Amino acid sequence: MIPQDQSKAARDIAGRARVIPVLVLDDAGHARPLAEALVAGGLPALEVTLRTPAALDSIRAMSEVEGGIVGAGTLLTPDDVRAAKAAGARFGVSPGATETLVQACIDEDLPLLPGAATATEAMALLEMGFDMMKFFPAEASGGAPALKAIGAPIPQISFCPTGGVSLANMADYLSLSNVSVVGGSWVAPKDKMVAGDWAGIESLAREARG
Ligand code: 3PG
């Protein structure tokens, strides 16, 4: 798969909802009920961060949930890409991007949403063929005003802002012409997962879906 196809595939997946939940799981036993709650709440594209020992098992378990599309976040190395693909991830997300990481995603046929935080990073990814990327860390990098400014000279790139995005500010991003989806962890708070409050998470998802 060449980057243009990868980028299109990532765009198609991201286009299924206005919010991609960013999930940090400490217990793979939470994976299935969590995915069911988020899908039932209207958020089918799920990003499981490869930041905990439970991440790969969580991707495996979530991949069996009907209606969900499970991807792997925090991809940093080719090994991460291979492990994510083997666990059943259907797309990848990375906080930044390197040629090595992009090549690994091409080799593994894994659609990628690569991260960029500046106009130069976005232009480098555009040169590789990506026209959709993650804007990370969104709030710390200037938030919606920064993305609006980048969109003036480079309107052909769409962004998924992630990092500090919440119910309170998601509309600021979604009102921009270069944003159709945001990512965030607020829909799956740790305390609700530990308490097994799946109904509470479903209602957070519903609220985020709007
Ligand atoms: C991440 O990869 O951690 C995302 O940027 C999530 O950020 P958030 O916790 O601020 O939503």
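What this report covers is the structure whose coordinates are included nearby. Note that the structure is a prediction, hence the values are computed from the model and not measured.

**With respect to the site of the ligand**
Alright, step 1. In the region of the ligand, the neighbouring residues are Val 22, Arg 51, Lys 134, Phe 136, Thr 162, Gly 163, Gly 164, Gly 184 and Ser 185.
Alright, step 2. At 3.4 Å from an oxygen atom of the ligand is found a main-chain nitrogen or oxygen belonging to Gly 163.
Alright, step 3. If the ligand stood free it would expose 310 Å²; the protein chains cover 76% of that surface.
Alright, step 4. Looking at side-chain class alone, the shell around the ligand contains two nonpolar, five polar and two charged residues.

**Let's talk about the pairing of strand 1 (residues 19-23)**
Alright, step 1. Counted residue by residue, strand 1 has five buried out of five residues, so it is predominantly covered.
Alright, step 2. Going residue by residue along strand 1, you find Val 19, Pro 21 and Leu 23 tucked away on one face and Ile 20 and Val 22 tucked away on the opposite face as well.
Alright, step 3. As paired strands, strand 1 and strand 9 (residues 182-184) are joined by three bridges and run parallel to one another. The residue of strand 9 that forms the bridge with Ile 20 is Gly 183.
Alright, step 4. Pairing of strand 1 with strand 2 (residues 45-49), which is carried by two bridges, proceeds in the parallel orientation. Counterpart to Val 22 in the pairing with strand 2 is Glu 47.

**Re the environment of Ser 175**
Alright, step 1. Summarising the element assignment, Ser 175 is placed in the loop between helix 8 (170-174) and strand 9.
Alright, step 2. Its relative accessible area of 59% is what places Ser 175 among the exposed residues.

**So, the packing of helix 4 (residues 78-87) against helix 5 (residues 99-108)**
Alright, step 1. One way to put it is that helix 4 packs onto helix 5 with a least axis distance of 8 Å and a crossing angle of 25 degrees. When the axes of helix 4 and helix 5 are compared, the pair comes out roughly parallel. Both helix 4 and helix 5 take part in a crossing whose hand is right-handed. Facing Pro 78, Val 81, Arg 82 and Lys 85 of helix 4, the residues of helix 5 in contact are Thr 100, Leu 101, Ala 104, Cys 105 and Glu 108.

**Section: the pattern of salt bridges**
Alright, step 1. Under the counting rule described, the total for this entry stands at eight salt bridges.
Alright, step 2. One network of salt bridges, in which partners are shared, links Arg 32, Glu 36 and Glu 64.

**Remarks on the nonpolar core**
Alright, step 1. Counting residues in hydrophobic clusters, the biggest one holds 59 residues, and the most contacted among them are Leu 23, Leu 34, Met 62, Leu 75 and Val 182.
Alright, step 2. Setting aside chain neighbours within four positions, we find Leu 75 in contact with Leu 50, Asp 80, Val 81, Ala 84, Gly 92, Val 93, Ser 94, Pro 95, Leu 101, Leu 110 and Leu 112.

**Some points on the sheet that holds strand 7 (residues 132-135)**
Alright, step 1. Reading across the sheet, the three strands line up as 6-7-8 and stay open at both edges, with parallel pairing between neighbours. Pairing within the sheet leaves two strands with one partner each, and these edge strands are strand 6 (115-116) and strand 8 (158-161).
Alright, step 2. Pairing of strand 6 with strand 7, which is carried by two bridges, proceeds in the parallel orientation. What sits directly across from Ala 116, in strand 7, is Phe 135.
Alright, step 3. In the packing of helix 7 (residues 143-151) onto the sheet, contacts are made with strand 7 and strand 8, and the angle to strand 7 comes to roughly 150 degrees.

**Section: the packing of aromatic side chains**
Alright, step 1. Evaluation of the coordinates by the stated rule reveals one aromatic pair.
Alright, step 2. Consider the rings of Phe 135 and Phe 159, whose centres lie 6.1 Å apart with planes at 75 degrees: the pair is edge-to-face. One end of the pair, Phe 135, is in strand 7; the other, Phe 159, is in strand 8, with 24 residues separating them in the sequence.

**With respect to the environment of Glu 47**
Alright, step 1. Looking at where Glu 47 falls in the secondary structure, it is placed in strand 2.
Alright, step 2. Separated by 100 residues in the primary sequence, Glu 47 and Leu 147 have C-alpha atoms spaced 22 Å apart.
Alright, step 3. Excluding residues within four positions of it along the chain, Glu 47 makes contact with Ile 20, Pro 21, Val 22, Leu 23, Gly 71, Ala 72, Gly 73, Thr 74, Val 93 and Lys 134.

**Quick notes on the packing of helix 2 (residues 31-40) against helix 3 (residues 55-62)**
Alright, step 1. Where helix 2 meets helix 3, the closest approach of the two axes is 8 Å, and the angle between their N-to-C directions is 55 degrees. Overall, the two elements helix 2 and helix 3 adopt an arrangement that is oblique. Here helix 2 runs over helix 3; the crossing is right-handed. Each of Ala 31, Arg 32, Leu 34 and Ala 35 in helix 2 lies in contact with helix 3, whose residues at this interface are Ser 58, Ala 61 and Met 62.
Alright, step 2. Class assignment for the residues of the contact of helix 2 with helix 3 results in five nonpolar, one polar and one charged.

Parameters and conventions
Residues numbered from 1 in each chain as written. Predicted model: local features only at pLDDT ≥ 70, side-chain atom pairs only at ≥ 80, totals over all residues. Heavy atoms only, no water. Near = heavy atom within 4 Å. Polar contact = N/O pair within 3.5 Å; in protein donor to acceptor, adjacent residues only side chain to side chain. Areas by Shrake-Rupley, 256 points an atom, 1.4 Å probe, with all protein chains shown as cover. Nonpolar A, V, L, I, M, F, W, Y, C, P; charged D, E, K, R; others polar. Buried < 20%, exposed > 50% of the residue type's maximum accessible area, 1.4 Å probe, protein only. Helix = DSSP H or I, 4+ residues; strand = E, 2+ residues; numbered from the N terminus. Pairing = 2+ DSSP bridges. Axes fitted to C-alpha atoms, helices over the stretch in contact; angles between N-to-C directions. Parallel < 35°, antiparallel > 145°, perpendicular 65-115°, else oblique. Left-handed = near helix turned anticlockwise from the far one by under 90°. Contact = heavy atoms within 4.5 Å. Salt bridge = Lys/Arg side-chain N within 4 Å of Asp/Glu carboxyl O. Core = buried A, V, L, I, M, F, W, Y, C linked by side-chain atoms within 4.5 Å. Phe/Tyr/Trp six-rings, centres within 6.5 Å; stacked < 30°, edge-to-face > 60°.

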